[in-house]
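# Reading the structure
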Amino acid sequence: MSYLKLTDETWLDLTVNFIPIGILAFLDVMFWVYNPWGWDLWFVFWAHVLTFVPLVLLTILTYVSGRVIQRDEQRTESVTDADAGES
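Residues numbered from 1 in each chain as written. Predicted model: local features only at pLDDT ≥ 70, side-chain atom pairs only at ≥ 80, totals over all residues. Heavy atoms only, no water.

## Re the overall build of the protein
Put simply, the rule reads: Numbered from the N terminus, helices here are DSSP runs of H or I no shorter than four residues, and strands are runs of E no shorter than two. The quantity called the radius of gyration is restricted to C-alpha atoms. Its globule counterpart is 2.2 Å times the number of residues to the power 0.38. Relative accessibility under 20% of the residue-type maximum defines a buried residue, over 50% an exposed one, and the middle range a partly exposed one, all with a 1.4 Å probe and only protein chains included. The criterion used for residue contact is that any of the two residues' heavy atoms lie within 4.5 Å. Computed with the Shrake-Rupley method and a 1.4 Å probe, the accessible areas treat only the protein chains shown as cover for residues. The convention is simple: Lys and Arg are positive, Asp and Glu are negative, and His and the chain ends are not counted. Where a charge lies is defined by one atom per residue type, namely NZ (Lys), CZ (Arg), CG (Asp) and CD (Glu).
Counting secondary structure elements, the protein contains three helices and zero strands. Along the protein, helices (α) and strands (β) appear in the sequence α-α-α when read from the amino end. Radius of gyration (C-alpha) of the protein: 20 Å, far over the 12 Å computed for a compact globule of 87 residues. Expressed as lengths along the three principal axes of its C-alpha atoms, the size of the protein is roughly 70 × 20 × 15 Å. Taking all 87 residues of the protein together, the buried fraction comes to 21%. For the protein, the share of sequence-separated contacts (at least 6 apart) that also reach a separation of at least 24 residues comes to 65%. Counting only carbon and sulfur atoms, one obtains 72% of the accessible surface of the protein, whose full area is about 6700 Å². For the protein, the separation between the mean place of its 4 positive charges and that of its 11 negative charges on side chains is 10 Å.

Have a look at this one:
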């Protein structure tokens, strides 16, 4: 089954990024629920910038790297098939 145009093997390769994504999402939610510095706008802004921006960037990076991994696997398979046909 292909979800977001990524194969199961590619999803398995990307699982190493799911733990940091989960940690960042958990921290961002917890900073909304329990705000240890009060509701001072300065601290609220930086708490979310330091958790939400890396969360978004890591999610984008994970998707793009998955597409690149899949593309390179397909190239490797096509080169291997072409080499097998020459023998």
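That covers the picture; the talk isn't over yet.
## Points about the pattern of salt bridges
What counts, and what does not: For salt bridges, the criterion is a side-chain nitrogen of Lys or Arg within 4 Å of an Asp or Glu carboxyl oxygen.
Counted according to the given criterion, the structure contains one salt bridge. The shortest N-O distance in the salt bridge between D72 and R71 comes to 3.4 Å. Overall, the relative accessible area of 40% leaves R71 in the partly exposed class.

## A look at the confidence of the model for the protein
This is how it is decided: Each residue gets a pLDDT score, which is the predictor's confidence in that residue and runs from 0 to 100.
Overall, the prediction assigns the protein a mean pLDDT of 85, with 94% of residues at 70 or greater. The least confident element of the protein is helix 1 (residues 8-14), whose mean pLDDT is 85; the most confident is helix 2 (residues 18-33), at 90.

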